[in-house]
Amino acid sequence: MKLPIAWLMDYLPEHLQGAEHAAEWEHALAEACLRWEIEPAADTAQTLGRLMTFAGFACDGVHGSGLSAVLELDVLSNRPDGQCILGLAREVASIMQVEVKVPPADCAEFETGDLASKQAAVEVLEPKLCPRYTARVIRGVKVGPSPEWLQERLKWIGLQPRNNIVDVTNFICFELNQPLHAFDLKGLSGQKIIVRRAQDKEAFTPLYGEIPALTSETLVIADAERPRAVAGVLGGKGSEVMPDTVDILLEAAYFDPANTRRTVRRLKVMEGKGTDSSYRFERGVDVENVENASARAARLIVQIAGGTVAPGVIDVWPAPRARKTVLLRLTELQRVFGAPIPKQTTMNILGSIGCTIVAEGAHDVHVRIPSWRRGDLEREIDLIEEVARLHGYNHVPAMTSMSARVPVRSSIETVSSTLRTQLTALGYFEVTSDSLIDPKWPNAGGVWTNDKPLLLDRASVLREDHSALRNALLPSLLSVRAHNQNQRTGEVRVFEIGRVYIAGEDTRPDEKLALGLLDDRGFQALADTLQRFTEGLELDGAHIKLHPVVAAPSFLKAGYACKILRVREMVGDERAEDAIGWIGLVSTALQDAFALRKPVAYAELDLRALAQLPSAPRRYSPLPAYPEIVRDIALVLDESVAWQDVAAFAHTWQKHEPLRDPNEAPKFLSVFRGDKIGAGKKSVAFSIQYRAANRTLTDDEVEVAHTKFQHAILEQFKATLRV
Amino acid sequence: MSLIDDLEALRAEALSAFSSASDAKSLEAARIAFLGTKGRVKALMGLVGKAPPDIKPQAGKLANQIKNELEAAFEKAQSATGKPVAGPAFDVSEPLPQEARPVTGKRHPLTRTTDTLVDILRALGFEVVEGPEVEDPRHNFDDLNIPPDHPARDGFDTFFLHGNQQALLRSQTSTVQVRMMETRLPPLRVVAPGRVYRPDPIDATHHSTFHQVEGLYVDKNVSMADLKGTLALFVEGLFGEGTQVRFRPSFFPFTEPSAEVDCTCPACGGPGCPGCPVCKQSGWVELGGCGMVDPAVFQAINHARGDNAYDPTVWSGFAFGFGIERLAMRRHGITDIRRFLENDLRFLKQI
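For the structure given in this document, a descriptive report is provided here.

Calculation notes
- Residues numbered from 1 in each chain as written.
- Chains lettered and ligands numbered in written order.
- Predicted model: local features only at pLDDT ≥ 70, side-chain atom pairs only at ≥ 80, totals over all residues.
- Heavy atoms only, no water.
- Contact = heavy atoms within 4.5 Å.
- Buried area = accessible area lost by both parts, 1.4 Å probe.
- Salt bridge = Lys/Arg side-chain N within 4 Å of Asp/Glu carboxyl O.
- Polar contact = N/O pair within 3.5 Å; in protein donor to acceptor, adjacent residues only side chain to side chain.
- Helix = DSSP H or I, 4+ residues; strand = E, 2+ residues; numbered from the N terminus.
- Nonpolar A, V, L, I, M, F, W, Y, C, P; charged D, E, K, R; others polar.
- Buried < 20%, exposed > 50% of the residue type's maximum accessible area, 1.4 Å probe, protein only.
- Phe/Tyr/Trp six-rings, centres within 6.5 Å; stacked < 30°, edge-to-face > 60°.
- Lys NZ or Arg CZ within 6 Å of the ring centre and 35° of its normal.

Next up on the list: the interface of chain B and chain A. How large an interface is tends to be reported as the accessible area lost when its parts come together. Between chain B and chain A, the residue contacts involve 90 residues of the former and 79 residues of the latter. The largest contributions to the chain B side of the interface with chain A come from Asp149, Pro249 and Leu345 of chain B, which together make up 9% of the buried area. Applying the counting rule to chain B against chain A returns 7 salt bridges. Linking Asp294 of chain B and Arg379 of chain A is a salt bridge whose minimum nitrogen-to-oxygen distance equals 2.7 Å. At the junction of chain B with chain A, the criterion picks out 44 residue pairs in polar contact (both at pLDDT 80 or more). A total of 8 residues in the side of chain B that touches chain A trace back to one element, the largest contributor, which is helix α8 (residues 224-239) of chain B. The class makeup of the residues in the side of chain B that touches chain A is 39 nonpolar, 25 polar and 26 charged.

So, in structure tokens, the structure goes:
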């Protein structure tokens, strides 16, 4: 909202108005700054801007300076009364502790002839959507240019002057927050106004622009035959004020805010932003001031364009609602503000915004709110906010009585944080990608679901490439890979912790928290990471295991696809296993779909499932006091035997072998494949340590134990020793 | 002369030679004569090894002492002649070969900023909680006192799911306030970092997917003073001791009174300083929005719970919310919000 200082001055006391009182104006501003604890600016307009900002009307800019400046104010949506110059003048007057001057609104002196009700009729068929409708008849006007004072005021706020009648209606809209519409009386069939719903596809031509066909949801102002305006939104052709217009019917009304808003959005008026008029009706105008604004407009029209006003106003207002009286308790004010505000200060502030104190007790006041604030001052808390705001938020002390408290950390928080530390230490960069993806991306289905990603409602979507909700991190990370390939940023080793959205039975999808890892270095490097990244989680009686699958899901390459299992050790040697994700090489089809030149290894797992695994601080075991004896062993095995199974066997064996320290796992050394070993076979070398807790072992006794172990493992895996 | 005397004589002679050497060349000659591999010190040390047992320990000790002393004297003389002291025999700034050098990744800048905010709030007793991103209109609007067809919804335009008007992408993390109060009893002190969505055209300063941190505190007799005091502690944690906060009146449907909160500019130190580009010479930077929980929100919660657990005459509270991208952008001087979700490795390595 634009606030021209010169226009504002119209409503401030005379001793502050005009260039001859510039010093008084500056002085009054300086005093206000003192009260508000605000540093004045070099220029008075800037100073007023600061004051308005701290009163809740954020000043976004000042055009010009001093008395000719125009302030750009951000009026909050709960303050429809601030959408006009008089409303802003009330705020300024309150801040500066002066009286506001309300402009004259009486047109009785220009009234003559037949009663308005004899010359026109108003019928409101939808009183819910139009609680009040007034019409005045003005005859004998001469349409022409407006006087200088009126034209310049409109120009200050960026409006183009048109003719004296339209200019007055625009002026009142911005002066009093009451949009008006002037009809040419002779253009109204039957000199009749009917406020009704439109019929479906009823003919109507707006004054400017194009709108979709009307429906029965649209409230229109019709004459005896056809719609002449969309109520509160925009006028139509055929009844507008023309250069030869002589008699007018002046509409001033209150239209239902919600319905006005729906109409603007449905008809996409001014791309859904609406008009100056609809903008005000959406926020709510002062229903009690409707007739008053009409009288002021009539007065100005006759003064400027001549003519006479028909006595009496047609005022259809079947159910006026009484204004509320609200109780404000000083204890409650203090409870919210955090410091006492004296009763007299409180009453002064309330008085300065137009509230009337109807009764007062020792510690409370009963307040009648002004008509222009009935929308936002309804409850005690509303009054508290007003008093706090105008007392100044700078007077809120900064102190807190919060008790000390140590909040618990959820397992998800702990696990996410540990994994971030662990993975970045292993050289992975964290990425954060958009959950809104392009539905045209190849469906990476199969990670969590085979369904297609959920789509967003077309009406709310701005961009086609952000119109679906991802159901796996995979496509996001492939897109990150593709971006970095195109930008030639080098090797990619990344992870993301993010939500994926899986449609289910419920209204809302299941939001899984997934961990995705993408690694250029290949399957083995990523698999190695997966074996190690849980290190910091301190899993207790649980671990992660890769389980190769023969039938690879469509997003992974056959032969390089594994389920990621979480394994929970139960009583005895029992285990519970379930799959919590996938690891493998991305399938050729998907690699091609994202135009990736090289294969990439990928893993995705369910972080919540990982976080559910039991964990406990690692236990200390005393460091060995006697030296170890290491024995290397190389086994020729079938390809089908996995290292993790060999390691698990050795580990279990260890538990029952007195010469081995149960804390020392077998160490993988190398693997060899080739002609010397034979097809379908591999040679795996590893070392194991022998150690006794109470003495130094001899080679002989280790030889006995090791031979026993060799026999057992050879038999277990149908292996031979490589020599 | 005894070996001991020889050693003493050698010391005097060498010290004099080092101190009298006028240039690098003569100093080097002296070094070779005394400390070189075929120099006199080495020669005498050889004799010490063959010395009789009775004087050997004493002579050995003295010889070592003299050797060290002379080396020190030489270095001192050398630095006096301007020749650099011989350092390590390799370039200390030379990195390890690529394959031997360990790579370290980094957390995403949004994670780092979020962690910073959350760590401070945790120290203030706030527990980290989360809520769904796909919400229903009740949690996103109605229970937050945002009525349908109201201009207050202007700032909260929303993505709906296709064919499902009961599922939308939350437009603010305040939804988590509602969920927490629905399921827990007061007092409450929680912080909800998370992802939110608004159908804004994407440009350098706007994105349709972004992140917020929302704090909620409900207790008996919570006031605006507590809010200001808590945020004052928060900004001190974030930007350092002495950072101050101020409120500007604002409007949010779910808080009343509502305020925008600013803090003194972390770059220039606030008002009175000459000003800087960070705060555009105002001395203050915007942090986010805050306010006292509107009693209408408590009433909506009670209605949903079917009890009077959040009786507004007993309980009061405050809430605040910050945009994580904006804080991260200011922190790192990032000028394009799109970089965050683009994940260009050059950006991730640089920041």
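From this point, the discussion proceeds with the structure in view.
Residues and elements named next belong to chain A. Within the element layout of this structure, Glu152 appears in helix α6 (residues 148-156). Overall, Glu152 belongs to the partly exposed group, its relative accessible area being 29%. Measuring from C-alpha to C-alpha, the distance between Glu152 and Trp7 comes to 9.5 Å, with 145 residues separating the pair along the chain.

Okay, the packing of aromatic side chains next. The tally for this structure, following the rule as stated, stands at 22 aromatic pairs over all chains. Note on Phe18 of chain B and Phe34 of chain B: the rings are 6.2 Å apart at their centroids and 75 degrees apart in plane angle, and the pair reads as edge-to-face. Here Phe18 of chain B is found in helix α1 (residues 3-20), whereas its partner Phe34 of chain B is found in helix α2 (residues 24-35), with 16 residues between them in sequence. Neither residue differs from the other here; Phe18 of chain B and Phe34 of chain B are each classed as buried. Judged by centre distance (5.5 Å) and plane angle (35 degrees), the ring pair of Phe320 of chain B and Phe322 of chain B falls under tilted. Take Phe320 of chain B and Phe322 of chain B: they sit in the same class, and that class is buried. We note Arg283 of chain A situated over the ring of Tyr279 of chain A; from NZ or CZ to the ring centre the distance is 3.8 Å. Across from the ring centre of Phe247 of chain B, 5.5 Å away, lies the NZ or CZ of Lys228 of chain B, which sits over that ring.

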